[in-house]
Structure formats: C-alpha cells, structure tokens
Amino acid sequence: MSSYKLNYTDALGNGDANSLGSNPESGSSLAQSEKAVEELLTQQTPMLATDDHLIEFSEALRTVAKALRGSAEGKALAQAEAAEWKRRYELERSKNQELLNKAPPLNGVCADESSSKGMDHLAKSPRSHGQENGKSGRYPLERICSHDVLQDGGESNSPNGSNNKLKRKASFKLSWGCKGQQANDQHKKEIVSFESGNITTADRSSKQISLTWETSPQTVIIFTKPNSTSVRLLSVEMLRWLREHKGLNVYVEPRVKAELLAESSSFDFVQTWEDDKEISLLHPMIDLVITLGGDGTVLWAASMFKGPVPPIVPFSMGSLGFMTPFHSEQYRDCLEAVLKGPISITLRHRLQCHIIRDKARHDYETEENTLVLNEVTIDRGISSYLTNLECYCDNSFVTCVQGDGLILSTTSGSTAYSLAAGGSMVHPQVPGILFTPICPHSLSFRPLILPDHVTVRVQVPFNSRSSAWVSFDGKGRKQLEAGDALVCSIAPWPVSTACQVESTHDFLRSIHDGLHWNLRKTQSSDGPRDTIYPLL
Ligand SMILES: NC(=O)c1ccc[n+]([C@@H]2O[C@H](COP(=O)([O-])OP(=O)(O)OC[C@H]3O[C@@H](n4cnc5c(N)ncnc54)[C@H](O)[C@@H]3O)[C@@H](O)[C@H]2O)c1
Ligand SMILES: Nc1ncnc2c1ncn2[C@@H]1O[C@H](COP(=O)(O)OP(=O)(O)OP(=O)(O)O)[C@@H](O)[C@H]1O
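About the thresholds
Residues numbered from 1 in each chain as written. Chains lettered and ligands numbered in written order. Predicted model: local features only at pLDDT ≥ 70, side-chain atom pairs only at ≥ 80, totals over all residues. Heavy atoms only, no water. Salt bridge = Lys/Arg side-chain N within 4 Å of Asp/Glu carboxyl O. Helix = DSSP H or I, 4+ residues; strand = E, 2+ residues; numbered from the N terminus. Buried < 20%, exposed > 50% of the residue type's maximum accessible area, 1.4 Å probe, protein only. Near = heavy atom within 4 Å. Polar contact = N/O pair within 3.5 Å; in protein donor to acceptor, adjacent residues only side chain to side chain. Areas by Shrake-Rupley, 256 points an atom, 1.4 Å probe, with all protein chains shown as cover. Nonpolar A, V, L, I, M, F, W, Y, C, P; charged D, E, K, R; others polar. Axes fitted to C-alpha atoms, helices over the stretch in contact; angles between N-to-C directions. Parallel < 35°, antiparallel > 145°, perpendicular 65-115°, else oblique. Contact = heavy atoms within 4.5 Å. Arc of directions from axis to C-beta. Pairing = 2+ DSSP bridges. Expected span 1.5 Å × (residues − 1). Patch = residues over 30% accessible without salt bridge, like charges linked within 9 Å, V, L, I, M, F, W, Y side chains within 5 Å. Core = buried A, V, L, I, M, F, W, Y, C linked by side-chain atoms within 4.5 Å. pLDDT = per-residue confidence, 0-100.

*Asks:* Run through the pattern of salt bridges, naming residues and quoting values.
*Replies:* This model, assessed by the stated rule, comprises 11 salt bridges. The salt bridge partner of Arg-232 is Glu-263, with a shortest N-O separation of 2.8 Å. Remark: Glu-263 occurs in helix α7 (residues 254-263) and Arg-232 occurs in helix α6 (residues 229-244); sequence separation between them is 31 residues. We classify Arg-232 as partly exposed; its relative accessible area is 33%. According to the relative accessible area criterion, Glu-263 is partly exposed, its value standing at 44%. When the shortest N-O distance is used, the salt bridge between Arg-255 and Glu-259 registers 3.9 Å.

Below is the structure:
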C-alpha cells in the first residue's frame, strides 16, 4: 500500500507539470499534457483515494451485513423454535385438559405423573424437558418416568371409539444398572464435581438402563412389515396368544385389522384407529410396542410417535435386523420375560428436524417438526449439480458441503446410511450427532461427530445453482429452495428398544453378525516370528 502511494505521488509529477508549463514551444502537446495532468488530478487522485475508502467502506459494510445476517438468522431460529413449542404446548394442554375432565383421580402412579406436572413441564424449554427424561446434558437421573406427559383418561377416548374404556397405562421406572439392580447411589446427582480444586466425573451418561414395570402392561400395539406372508402368519398367532394367554388389549394398524377381519370375524377383539389424527392419542394408552419385520419396521413404528414412545420389542423378520435382536421363533419366551421385567433397554436418541422456509414471514408458517431415529439426509436429489450447503453449529460456521449431500445421523443411525458414506460406527447410547458428507468433492473432508447439545443448521445459499432435497429416515422427501434451512437437534423423546442381553452385547452382536465387521481369517501360528534382541 505505501509503495503504491509513493508511486502515485511520483506519477503526479509536480516537477513534470512545471516543466511542461515552462515550455512555450510545446503548443498542442502542452495542451494535451495539461489535459493529461488535469485528468490525473481529477480522475486518478480521487480515484485512488476513493479506492482506499471504498475498500474500507465495503469491508465495513460486509461486517455490518454479516452481523445483521447473524442476528436475523438467530432471531428466525429462536422464533421458529418458540412457535413450535408454543404450538405443541397448546396441543398437549388441550389434549390433557380434555382427558383430565374425564379422568378419575389417579391412584398408584408415580409422583411425577401428577396431572399438573404433566402439563406444566410442557411449558418448559425442550432442553429442560429432555433433561427431565434422562436425556443428554444432566443425564444421571436415577429414575426416568415415561409417563411425564401422559394422562390416564376416562371413557370414549379410544381412537376407534369402540372399545371405549381408556386403559390405565402400566407404570414403570427406568434406572441405571443391569436388569433392575440399581447401581450404588454414590454421585447420583452430578456428572462433574469440583472438589478441592479437582475435577472428577461422577457418573456416566450412557450406563446400561433397566426397565422395571411397577404395574403390569395391559395394552400392546403390533406393527408389521407389509406384504410378507411369514410376518402375517406370526402376527395372527401372536395376537391370539397375547389375548388368550396374557389377557392383553392389542392394537394393530388399520390395514392389518382389515386383513384380519377379511380372514375371520373372530379378530374383532383387535383394536385400531380410523384416521391419522387419532394416532396422536395412542401414546397415552400403549404400554408396549412390538415390531415384526426388519429395521425399517422399527423406524416405521418410532415414526408413529411424535412425542414420547413406549418401549419397543423388535422381532427380527427382515434380512439384516440391526435393531431387531429378538428371534421370532421364541416369541413366547421373549414376551413372557419382557412383560414380567425387568429388561435392559437401549435408549436411542432421535433428531428433531425443522425446515425454515426463506419465504415464511410468520410464525404460523413454520412447518411441523419431524423426528428421525436414523438420520436426516440433505442431498442433490435429481439435480446433476453439486449440492452447496452452508452448515452452522450453534450459529458458528462449520463448513460448506460441496458434493452429493450431507447426513446428520443419530448414533443409532451410524450403522445405516452414514456408515455407507464413510462415517464411524458409534454405540447407540453414545450421545451425539454424526455429521457425514456424501461424496464430498474435497480431499480433506472427514466426517465429524458433534456433541448432543448442539443445534445444527444447514442452509441452501442464495447463490446455489440448484435446490436440495431432505429425507427423513429415508422417507418423506422435501425440497429445500435457496435460502431455506434445515435445523436439527437431539429430540427430548428417545426411543427405548428392549435388549436381548444388554445394550453393548446386542450392538456388538449386530456389527458382527449383521455387518460381518472385521471378519478375517485368523493368521496361523506357524511361520516367521519376531526375534527379540537383548538390550546391550
Ligand atoms: N447407501 C445406503 O446405505 C443407504 C441408502 C439409503 C437409505 N439407507 C438407509 O435405509 C434406512 C431406511 O431403512 P428402510 O428399512 O426403511 O429402507 P430399506 O428397506 O431400503 O433398507 C435399508 C437397509 O438399511 C438397514 N438399516 C436401517 N437402519 C439401520 C441401522 N440403524 N443400522 C444398520 N442398518 C440399518 C436395513 O436393515 C436395510 O437393510 C435409512 O434411514 C438409511 O439409513 C441406506
Ligand atoms: N407397518 C408398516 N407400514 C408401512 N410400511 C412399513 C411398515 N413396516 C415397515 N415398512 C416399510 O417396509 C420396508 C421394509 O421393511 P423392513 O426394513 O422392516 O424389512 P426388510 O427390508 O425385509 O428388513 P431389513 O431392513 O432387515 O433388510 C421399509 O421401507 C419400511 O419403512
């Protein structure tokens, strides 16, 4: 810059100008020279000065624009979240009010199920709600009651309006430790303590969790993979057994109920619901979910619950069965054990995903949250251009993904699409969000694992050549136009799946049996060996 100024002063050439003015013979060339100097003075001088100012000014403008953009984005995010929680609060409050009006006084349920609590806590932030449910952050709650938002009802709230006596949900408690044996109570309250200047970690966030029924389960729902004869046959047998031997109320999907009634009218004890809105009334009634199928059926079952999810017992009737540890041939023994309890469970975190449209100007235009158990994928869809995705983590810029797309995965989903895109396999109870690019056009883009408390935002920049497409657990594609953003964080409602043995054992069995992880012939012991030389 300084050398430029020096050259500029020289170029002005006061000496030159004087000499030009003192030469009478130069006639038109003088006039030309004068004109040139004048031009220099009128154009170059201000131009160069203006250049400097313009640079400074544009830098200042850029800083201001960045700050404005940051604050506008932060505000939009906060508004969207607030609107969503307000909407949910109103919805739950009206539902609870409706149920409360009809419900008899609650007896024999745990203290934190009281109706006022059930509604009050909904007004809290999603984060504090999650913590109450034993979610991330302040994990070590000794006891995580699944009934926080659930109310018992009275008559006629049954989704199909037919069986009509709304059943009291079975009460259970969750505790750290294996199969109901509580770990000792030392350090229960804090994860990190700071005593005498020493930082110690007092408890772990991802201990094996055990579910103990306090009252017996009474109502189960069975989700079945469609178009499978073996699944249909087993579901018929299981339905009868649950009804006749265990005296349970059984729900199935409307499609399945129609199939059953077409087979025999003796299945009219099986209950169902009529339209999708009624599904939202299911969770207060269902004690246990049974899935017959593969991993896709577990994802399907979880997606039916937009809030808390009853424990899921997944029977393997698919090809891979990563999340389905129970063998269908032994369903009686398995279900006997589960219904009796205690059982080990894997608490699988879900991601709540929210699209913020650039064109949305009002709170009510915000789209509903979608919960995913595996992952949310943002890809290029049918476009042949690179996706261009700006990614932020709690409003800090992470990176710009240029490639086929990005996967934001739960740790349960780490063995699904994220694995195929080069992400790490992570134990499902490790809290975190996997940030895995799909075919990034870069030599240095390694996948990341982010902590579970962050909010990730992925935005299609305004100058993007094409739109992007979002899909949720491989389903429900939505288009993201330039300026639209996907906001994603850990949901307060995890999915608990029953373990065959316990969480880590089941996970290792799945990666060995399902994915044949690190399968290699063992090296034989005959052959060359290391020679160990003694140190001199
Ligand atoms: N390239 C890929 O690997 C790829 C591509 C698209 C979707 N998917 C996965 O498929 C899932 C949807 O499953 P679906 O059954 O409805 O579709 P699907 O019938 O296409 O099955 C996909 C396969 O992924 C397996 N799978 C699903 N969840 C898993 C998990 N958590 N761990 C290990 N394997 C898992 C299933 O067992 C199945 O074999 C998506 O959530 C996504 O993760 C993977
Ligand atoms: N109750 C259901 N209603 C509608 N679709 C379902 C239902 N259960 C499963 N599906 C869908 O059917 C597909 C196949 O299901 P699933 O993955 O369970 O079986 P699979 O492919 O044979 O097993 P695996 O995933 O182990 O390979 C999935 O896309 C899933 O979303």
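There is more to say, and it comes next.
*Asks:* Quick one: what's the story with the site of ligand 2, residue by residue and with numbers?
*Replies:* The immediate surroundings of ligand 2 are formed by 16 residues, with Lys-225, Glu-253, Gly-294, Thr-297 and Ser-319 found nearest. A distance of 3.4 Å is found between an oxygen atom of ligand 2 and a backbone nitrogen or oxygen belonging to Asp-295. Considering ligand 2 on its own, with 620 Å² of exposed area, one finds that the protein chains cover 72% of that surface. Among the elements that line the shell around ligand 2, the one with the most residues is helix α9 (residues 295-303), at four residues. Residue composition of the shell around ligand 2, grouped by class: three nonpolar, eight polar and five charged.

*Asks:* Tell me about the packing of α6 against α7, and please be specific about residues and values.
*Replies:* Two elements in contact, α6 and α7, have axes whose closest approach is 12 Å; the angle formed by their N-to-C orientations is 80°. Taken together, the axis directions place α6 and α7 in an arrangement best described as roughly perpendicular. Between α6 and α7, the residues in contact are Arg-232, Val-236 and Leu-239 and Glu-259, Leu-260 and Glu-263, respectively. Here the residues of the contact of α6 with α7 sort into three nonpolar, no polar and three charged.

*Asks:* I'd like to hear about α7, residue by residue, with values.
*Replies:* Each full turn of the α-helix corresponds to 3.6 residues, which orients residues three or four apart in the same direction. Along α7, the residues classified as buried are Val-256, Lys-257 and Leu-260. Projection of α7 onto a plane perpendicular to its axis shows the buried side chains occupying an angular sector of 100°, all on one side. On its buried side, α7 packs onto β5 (219-224), α6 and β6 (249-252).

*Asks:* Provide a residue-level description of unusual backbone geometry, including the pertinent values.
*Replies:* Residues Gly-341 and Pro-342 are joined by a peptide bond in cis, for which omega reads -10°. A positive phi angle, close to 70°, is found at Asn-395, a residue other than glycine. Considering the arrangement of structural elements, one finds Asn-395 in the loop between β14 (387-393) and β15 (396-409). Residue Asn-395 is classed as partly exposed on the basis of its relative accessible area of 44%. Not every positive phi belongs to a glycine, and Cys-439 is a case in point at roughly 40°. Take Cys-439: it is sitting in strand β16 (residues 433-440). Looking at Cys-439, the relative accessible area reads 53%, which means it is exposed.

*Asks:* Tell me about the environment of Cys-400, and please be specific about residues and values.
*Replies:* One can find Cys-400 in strand β15. Judged by its relative accessible area of 26%, Cys-400 falls in the partly exposed class. As a C-alpha pair, Cys-400 and Pro-461 span 61 residues in sequence and 9.6 Å in three-dimensional space. Sequence-distant contacts of Cys-400, that is, excluding residues within four places in its chain, are made with Asn-388, Leu-389 and Glu-390.

*Asks:* Any chance you could break down the pairing of strand β13 (residues 375-379) for me, citing the residues and the numbers?
*Replies:* When a strand is regular, its side chains alternate between the sheet's two faces. Counted residue by residue, β13 has five buried out of five residues, so it is predominantly covered. Every second residue of β13 is oriented toward a common face, with Glu-375, Thr-377 and Asp-379 on one face and Val-376 and Ile-378 on the other, all of them buried. Judged from the four bridges that link them, β13 and strand β19 (residues 468-472) form a sheet pairing that is antiparallel. The residue bridging Asp-379 from the neighbouring strand is Trp-469, located in β19.

*Asks:* Can you tell me about α6, naming the residues and giving the values?
*Replies:* The end-to-end C-alpha distance of α6, which contains 16 residues, comes to 23 Å, matching closely the 22 Å that a straight helix rising 1.5 Å per residue would cover. Contacts made by the buried residues of α6 are with β5, β6, α7, β7 (288-293), β8 (312-316) and α10 (331-340).

*Asks:* Describe in detail a nonpolar patch on the surface, supporting the description with residues and values.
*Replies:* On the surface, a cluster of nonpolar side chains totalling about 310 Å² of accessible area is made up of Leu-54, Phe-57 and Leu-61. On the secondary structure map, Phe-57 appears in helix α3 (residues 27-102). Residue classification places Phe-57 among the exposed positions, given a relative accessible area of 51%.

*Asks:* Give me the lowdown on the site of ligand 1, citing residues and values where you can.
*Replies:* If you check the shell around ligand 1, you find 16 residues, and the closest are Asp-295, Asn-374, Glu-375, Ser-412 and Thr-415. One of the backbone nitrogen or oxygen atoms of Ser-412 is found 3.0 Å away from a nitrogen atom of ligand 1. Within the side chain of Thr-415, a nitrogen or oxygen atom sits 2.7 Å from a nitrogen atom of ligand 1. Against a free-state accessible area of 780 Å², the protein chains account for coverage of 64% of ligand 1.

*Asks:* How would you explain the nonpolar core if you had to name every residue and give the values?
*Replies:* For soluble globular proteins, the rule of thumb is that nonpolar side chains tend to be buried together. Within the largest apolar cluster, 39 residues are counted, with the highest numbers of intra-cluster contacts made by Ile-222, Met-238, Leu-242, Leu-292, Phe-315 and Leu-335. Sorting elements by how many residues they give to this core places α6 first, with seven residues. Setting aside anything within four residues of it in sequence, one finds Phe-315 in contact with Met-238, Ile-290, Thr-291, Leu-292, Gly-293, Thr-324, Phe-326, His-327, Ser-328, Tyr-331, Cys-334 and Leu-335. Formed by 27 residues, the second largest nonpolar core is a distinct cluster that contains Cys-393, Leu-406, Val-456 and Ile-490.

*Asks:* Please set out the confidence of the model for the protein residue by residue, giving values where relevant.
*Replies:* Across the protein, the average pLDDT comes to 78, with 69% of residues at 70 or higher. Long-range and interchain partners of residues 104-159, a stretch whose pLDDT sits below 50, account for 152 contacts in this model, where long-range means more than four residues apart. Per-residue pLDDT stays below 50 along residues 185-189; that stretch engages in nine contacts with residues further than four places along the chain or on separate chains.

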